[in-house]
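# Survey of secondary and tertiary structure
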Amino acid sequence: MQNVRPFPLTGYLRLPEVLYYFPVSKSTWYAGIKASKYPAGVKLSERCTAWHAEAIRELIQQHGVVA
């Protein structure tokens, strides 16, 4: 049986969580941000970037991804 994480309704997702729900490689993800294909992250601190859960949910719906 597969361990399924519920998608958060609000808040922020760090990169490992984003890639769990939208399964692409890190390099593909960052190339997609550069090409404006994927949403840019929000700098929470100098070394901490996160993405709005709502933006990732919208991206998943647009691409029809099932994690």
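Heads up: these notes are all about the structure in this document. (Residues numbered from 1 in each chain as written. Predicted model: local features only at pLDDT ≥ 70, side-chain atom pairs only at ≥ 80, totals over all residues. Heavy atoms only, no water.)

## Notes on the pairing of strand β3 (residues 48–52)
Inspection of the sheet shows strand β1 (residues 12–13) paired to β3 by 2 bridges, in the antiparallel sense. Within β3, the residue paired with tyrosine 12 across the bridge is histidine 52. Sheet analysis places strand β2 (residues 42–45) next to β3, joined by 3 bridges and oriented antiparallel. Paired with serine 45 across the bridge in β3 is cysteine 48. (Pairing = 2+ DSSP bridges. Helix = DSSP H or I, 4+ residues; strand = E, 2+ residues; numbered from the N terminus.)

## Some points on the environment of tryptophan 29
Within the secondary structure, tryptophan 29 sits in helix α2 (residues 26–34). Taking relative accessible area as the criterion, tryptophan 29 reaches 0% and is therefore assigned buried. Put simply, tryptophan 29 and leucine 19 are 10 residues apart on the chain and 8.2 Å apart in space, counted from C-alpha to C-alpha. With near-sequence residues (within four places) excluded, tryptophan 29 lies in contact with Leu15, Val18, Leu19, Phe22, Val24, Tyr38, Pro39, Trp51, Ile56 and Leu59. (Buried < 20%, exposed > 50% of the residue type's maximum accessible area, 1.4 Å probe, protein only. Contact = heavy atoms within 4.5 Å.)

## Digging into helix α3 (residues 53–63)
Every buried residue belonging to α3 is among Ala53, Ile56, Leu59 and Ile60, and all of these are buried. Each buried residue of α3 sits inside an arc of 125° when the element is viewed along its axis, so together they form one side. For α3, the exposed residues lying more than 90 degrees away from the buried face are Gln61 and Gln62. Summarising the contacts, the buried residues of α3 are in contact with β1, α1 (15–21), α2 and β3. At the exit of α3 stands glycine 64, carrying a positive phi of roughly 65°. (Arc of directions from axis to C-beta.)

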